[in-house]
Every structure is written in C-alpha cells, then in structure tokens.
Amino acid sequence: MHDLKNKTVRAGLINVGSRGLGFTVRIGALMVLGRLLTPDDYGLVTMVTAFTGVLNMFGCFGLFQAAIQRDTLSEDESSSLFWLNLTFGAALTLTAIVAAPLVSAFYREPRLLAIMDVIAFTFVITAAGVQHGVLLQRRMAFGTSAKIEISSLLIATAVSIGMAVSGYGYWAIVSMTITLPLATTIGLWLSSGWIPGRPRIVAGLRSMLRFGVGTTLIGFLSYITNNIDKLLLGRVWGTEATGLYSRSFYLINFPTENLNSTIGEVAFAALSRTKGDPDRFRRYFLKGYSLVVTLTLPLTIVCTLFADDLIIVILGPKWTSAVEIFRILAPTIMVFAISSPLGWLLNALGMVKRGVHIGLFSAPLMITGVLIGLPYGPRGVAMAYSTVMVLKVIPITIWALYGTGVRYREFVGALASPLAASLVAGAIAYVVHGLAALALSPVLRLMLDVGSFGAAYVAALLLIAGEKALYLDLFRDARATPSV
C-alpha cells in the first residue's frame, strides 16, 4: 500500500492519455460518418440500442465492480465469476433475439428486427472478456488496458467507415457495436494470459452477487433516467428526430463519460483499497473529483458558446437542425461532472443501497420531465432533460455525501476554482469569437475559439484560482513511479 498513491496517479495519467487518443479517434469517426450517413441511419440504430442498453445493465450483474471492490480474489472465485458472466451474457443474447419482433412492432419499423438480432450477440461477446478485464484492473495494469482499448477502437472504426463508404448505410453503425467488443475481448484474453478453470460454487460468490445486485439496480435506474428520452422520441417522432437528438446527446455525453470513466476506473480501484483509512480515502476521492471537474467543466462553456461551429465541423451541414438541441443539453455536462464521482464514492464504501434509493428518486422525475417535453419534439425533450438534471443535482449531492466522511465544504471548494476559471475563459473566448466571426471559416474560427478558451482557462486556473500546487503534486507523483 506504500506506493498506492504513486501508482494510482500514474495509472490515472495513462488512462487520461489513452482516452484522449480514443476521444480523437471517435471525433474523427464522427466527422467522417456524419458526412456519409444520415440522421435516419443513426435513428434506426438508436431505437435498438435504447432497448439493448436496458438489457446491458444486467450484462455482468454488477460482478465486475464486485470483483474489483474485494480485497482479495482467488483463482476459484475468478473462474466462477467468468462462467457466471458468460451465462448471463448468453441469456441476454437469447432474450434480445426473442424480444426483437416486439421492439420492431413497438416502433412500427420492420428494419429493426435484423438490426437487433445482430446487436444481440454483443452481450455474450462482452461477457467472455469481463473477468479478464477485472484481473487487469486489479493489477492496475492500465497501460495494457489502454493498448487494448485503442487498438479495438481503431479496428472497429476502420470497419465502420469502410462499410459506410461501400454504401451499407446503417449497417456501418451496427458493425461498430459488434466489432468493438469482439476486438476488446480477444485483446483481453491475449494480454491477461488467464484461462478460466471449471465452473464451481465458491464461498465468496454469494457476497459478490449481493453487491452486484445493488450496483445493477443502480445502473438500471441510471440508464432509464438517461435514456427514456430517446426511447420515447423514437416511438412518437420517428427515426430522423431520434437521430438528431441521439447524435446531439452523444456529442454532449461521450467526452464527459470518457473522462469520468477514465479517472473513475483508477479512482474506484484505489478507493476500494483505502476504505479502511478514512482520512486517506477522503483525500484520494477529493483529488480524483478535482481532476474530473477541472477537465470537464470547460466543456460545458465551450459547447454552450460555440455549438453552431461544433456541429458544422464535426457532423457536417446536414446536421444543422441539431445545433439548438446540442446547446440546450450542454448544462448536463456540468451535472455529470459533479454527480458521477459520487458513484465511485458510494460503491467503494459498499453503500449500494443509498445508490438504489437515489436512483429511485431520480427516475420518476426524469420520466415526468420527458413526458412534459415530448409533445414539443426533440427540442422540448432536450429542455426537459436538461432542466431536471440541473434541478436534482444539489439534493442528490447532499444525500450522497452524508455520512461518507467527505465534507460538503471540501466538495464545493473543489468545484469552485475550475468553475470560476471556466467562466473567465468563456468571457475572453466569446469576445475573440465576436471579433473573428465573419472573417474566418467555421473550422478556423472553432480552432481560434477553443485555443483562446484553453489558454485563458489554464492561465486562470493556475494564476487566479491557485490550483498550481495540485497539478505539481500530480506531476511529481507520476514521475516518482516507474511503471504500473
């Protein structure tokens, strides 16, 4: 445990670097596919993934997190978990295939039948690599995980773009949902070198299943909260409206989700090993949370101010109808930055029941909001979703932090500096944008906007907000550790 801090920081930086590269690849794919495919193509696949995503919440039944959270994990326990995950995955694949006609009938769209039959196999493919991913994370071998992730993403992107160029339409999107988990699972098997033993019942399995049930319920409630909008839009407004909304939502959500999962994977592993030391646990959590909000809050301002150019540059001119939706959803970036780390905190402490209660509180609010906005189309749904997310963040934060040892004052304090720096940088970048608005093309204007914002943000953060000590500490810890 003496070098856990250095290993954690080093692993976090590796994860940030790899996800940054992955972010670049995904943005490149969006730029190419957005020009080759249509909102209708994306709408079709979103209709299916809105349903399969619900099933995906039960994919490994929370056993991935349960295995990470345990202090020790025996060979027999690992083998038992592998076979359980594979059984759950196969059952979900069969369930999705059986449900495909119902999904097609729900949307009144016959093309969804074949799409869902193909996407169904992602469950069993993913399940075959879950336990190998657990073993790599428990070793904190994030460098290896990063190589697998980037390689798999490059393969899946190349296949998807190749199919789009060849005229396969929405099947180019479907191909990525299969190719990415397949390449990842193969990479995990080859890299971990672990071969599961025969199935058997072991003593520690029951406690992991109990933990897994709680995290699965939390994930299910969170998924319903965050995806009921797309499901209902598809039913009422059809494929094009769903495609416009889903791409806007994806562009808003995936950078934040990328950063949160990048830091969260490392933070959860470290927090699970320090929960017996409350002071150390609190410091680790606050540093991880500070890093998330520092990297994420600027995105809220950039996406709000420069939505027009972002959509034109990334997706292309045929997506201009998504600009207003994208801008309305921008505040949710800040909400996710604040709330997602609370999940690491509760799971690492084993407080899954509180997470379930928070989910039960959030889901009805979101469903009600979406139903109110639904008659007004994708813009109305976006406004409802964004409003509910912003309104519930404060009570949920207070509820989640209670009794964890993390003080409210410290939590808010970690948010204050990057928020102030983002507002200062946003004001400066907006002035620069106004001066150059007519003289430059959208690409050059966006580069200038983001560049001026980034320079102003870093200066404000280090000089005005006084965060220099935090980042120097992170840098020293990274250099102090030779490997992970």
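Residue positions are given per chain, counting from 1 as you read along its sequence in written order. Selection of residues for local features in this predicted model requires a pLDDT of at least 70, selection of side-chain atom pairs for listing and counting requires 80 or more, and totals for whole chains, interfaces and linings are taken over all residues. With hydrogens and water set aside, each side-chain value is computed from the structure's full complement of heavy atoms.

Student: Break down the overall build of the chain for me, citing the residues and quoting the values.
Tutor: Of the regular secondary structure elements, the chain holds 18 helices and 0 strands. The buried label goes to any residue with under 20% of its type's maximum accessible area, the exposed label to any with over 50%, and the partly exposed label to all in between, with areas taken from a 1.4 Å probe on protein chains only. Buried residues in the chain amount to 55% of all 484 residues. Excluding contacts between residues fewer than 6 apart, the proportion of contacts in the chain whose partners are at least 24 apart in sequence is 85%. Accessible area of the chain: about 20,300 Å², with a carbon and sulfur share of 70%. Secondary structure counts use DSSP, requiring at least four H or I residues in a row for a helix and at least two E residues in a row for a strand, with both numbered from the N terminus. Throughout, a residue-residue contact means that at least one pair of heavy atoms, one from each residue, lies within 4.5 Å. Using the Shrake-Rupley algorithm and a 1.4 Å probe, accessible areas are obtained, with residue cover drawn only from the displayed protein chains.

Student: Can you tell me about the side chain of aspartate 229, naming the residues and giving the values?
Tutor: Relative to the assigned elements, aspartate 229 resides in helix H9 (residues 205-274). Two N or O atoms count as a polar contact when they lie within 3.5 Å, although within protein this holds only if one can serve as hydrogen donor and the other as acceptor, and sequence-adjacent residues are included solely when both atoms are side-chain atoms. A distance of 3.4 Å separates a polar atom in the side chain of aspartate 229 from a polar atom in the side chain of lysine 230. When sequence neighbours within four positions are dropped, the list of residues in contact with aspartate 229 reads Tyr245, Phe249, Val370, Val381 and Tyr385.

Student: Describe the packing of aromatic side chains, listing the residues and the values that go with them.
Tutor: Two rings from Phe, Tyr or Trp (for Trp, the six-membered ring) form a pair when their centres sit within 6.5 Å of each other. Planes less than 30 degrees apart are called stacked, planes more than 60 degrees apart edge-to-face, and all others tilted. For the structure on display, the rule yields 17 aromatic pairs. An angle of 80 degrees between the planes, with centres 6.2 Å apart, marks the rings of phenylalanine 82 and tryptophan 194 as edge-to-face. Here phenylalanine 82 is found in helix H4 (residues 75-107), whereas its partner tryptophan 194 is found in the loop between helix H8 (171-192) and H9, with 112 residues between them in sequence. One exposure class covers both phenylalanine 82 and tryptophan 194, and it is buried.

Student: Outline the pattern of salt bridges, listing residues and values.
Tutor: Throughout this description, the term salt bridge denotes a Lys or Arg side-chain nitrogen within 4 Å of a carboxyl oxygen of Asp or Glu. According to the stated counting rule, one finds 10 salt bridges in the structure shown. Arginine 327 is the partner of aspartate 308 in a salt bridge, and the nearest nitrogen-oxygen pair spans 2.6 Å. Pair noted here: aspartate 308 is in helix H11 (residues 307-314) and arginine 327 is in helix H12 (residues 323-329), with a separation of 19 residues, a long-range link. Put simply, arginine 379 and glutamate 324 hold a salt bridge, and the shortest N to O gap is 2.9 Å. With arginine 379 in helix H15 (residues 377-401) and glutamate 324 in helix H12, this pair connects stretches of sequence that are 55 residues apart.

Student: For the side chain of serine 160, give the residues involved together with the corresponding values.
Tutor: Within the secondary structure layout, serine 160 lies in helix H7 (residues 142-165). On the basis of relative accessibility, which here comes to 0%, the residue serine 160 falls in the buried class. Beyond its immediate stretch of four places on either side in the chain, serine 160 contacts Leu33, Ala172, Ile173, Ser175 and Met176.

Student: For a nonpolar patch on the surface, give the residues involved together with the corresponding values.
Tutor: On the surface, a nonpolar cluster with roughly 450 Å² of combined accessible area is contributed by Ile394, Ile398, Tyr402 and Tyr408. Structurally, isoleucine 398 can be placed in helix H15. The class of isoleucine 398 is partly exposed, set by a relative accessible area of 45%. In this analysis, a patch consists of residues with relative accessible area above 30% that form no salt bridge, clustered at 9 Å for like charges and at 5 Å for the nonpolar side chains Val, Leu, Ile, Met, Phe, Trp and Tyr.

Student: Please set out helix H13 (residues 331-348) residue by residue, giving values where relevant.
Tutor: Here H13 is 18 residues long and its end C-alpha atoms lie 28 Å apart, about the 26 Å a rise of 1.5 Å per residue gives. To get the bend at a residue, fit one axis to the 7 residues ending there and another to the 7 starting there, then take the angle between the axes. Taken as a whole, H13 carries its principal kink of about 25 degrees at alanine 337; the proline proline 341 stands between one and four residues after it. Buried residues dominate H13, accounting for 13 of its 18 residues. Downstream of H13 by a residue or two, glycine 350 has a phi angle that is positive, lying close to 75 degrees. What a helix is expected to span follows from its residue count: subtract one and scale by 1.5 Å.

Student: Mind laying out unusual backbone geometry, listing which residues take part and the relevant values?
Tutor: At arginine 108, a position not held by glycine, the phi torsion is positive, near 60 degrees. Checked against the element boundaries, arginine 108 lands in the loop between H4 and helix H5 (112-119).

Student: For the nonpolar core, give the residues involved together with the corresponding values.
Tutor: Nonpolar core, defined: a set of buried Ala, Val, Leu, Ile, Met, Phe, Trp, Tyr and Cys residues in which side-chain atoms within 4.5 Å join the residues together. One finds Tyr245 and Phe285 to be the most contacted residues of the largest nonpolar core, which totals 102 residues. Every residue in contact with tyrosine 245, bar those within four places of it in the chain, is listed here: Asp229, Lys230, Leu233, Ile325, Leu329, Pro378, Val381, Ala382 and Tyr385.

Student: Which residues make up the packing of helix H14 (residues 352-373) against H15, and what values do they have?
Tutor: Geometrically, a packed helix pair is captured by the angle between its two axes and the distance between the axes. Geometry is summarised by axes, namely lines fitted to C-alpha atoms with helices restricted to the contacting stretch, and by angles between N-to-C directions that run from 0 to 180 degrees. Where H14 meets H15, the axes come as close as 8 Å, and the angle between the chain directions of the two elements is 155 degrees. Judged on the interaxial angle alone, H15 and H14 are roughly antiparallel. Handedness of the crossing formed by H14 with H15: right-handed. Of the residues in H15, those touching H14 at Arg354, His357, Ile358, Phe361, Ser362, Leu365, Met366, Gly369, Val370 and Gly373 are Gly377, Gly380, Val381, Ala384, Tyr385, Val388, Met389, Lys392, Ile396, Trp399, Ala400 and Leu401. Charged means Asp, Glu, Lys or Arg here, nonpolar means Ala, Val, Leu, Ile, Met, Phe, Trp, Tyr, Cys or Pro, and polar covers whatever is left, Gly included. The class makeup of the residues in the contact of H14 with H15 is 14 nonpolar, 6 polar and 2 charged. Any angle from 65 to 115 degrees is called roughly perpendicular, while one under 35 is roughly parallel, one over 145 is roughly antiparallel, and all others are oblique. Here a crossing is taken to be left-handed if its near helix is turned anticlockwise relative to the far helix by less than a right angle, and right-handed if that turn runs clockwise.

Student: I'd love a proper account of the environment of glycine 167, names of residues and values included.
Tutor: Inspection of the secondary structure puts glycine 167 in the loop between H7 and H8. Overall, glycine 167 belongs to the exposed group, its relative accessible area being 61%. Between the alpha carbons of glycine 167 and leucine 37 there is a distance of 9.1 Å; along the sequence they are 130 residues apart.

Student: Break down H14 for me, with residues and values.
Tutor: In a regular helix each residue adds 1.5 Å, so 22 residues correspond to 32 Å; H14 covers 31 Å between its end C-alpha atoms and thus fits that length. The complete set of buried residues in H14 reads Val352, Arg354, Gly355, Val356, Ile358, Gly359, Ser362, Ala363, Met366, Gly369, Val370 and Gly373.

Read these as layout, nothing more, since geometry by itself doesn't imply function.
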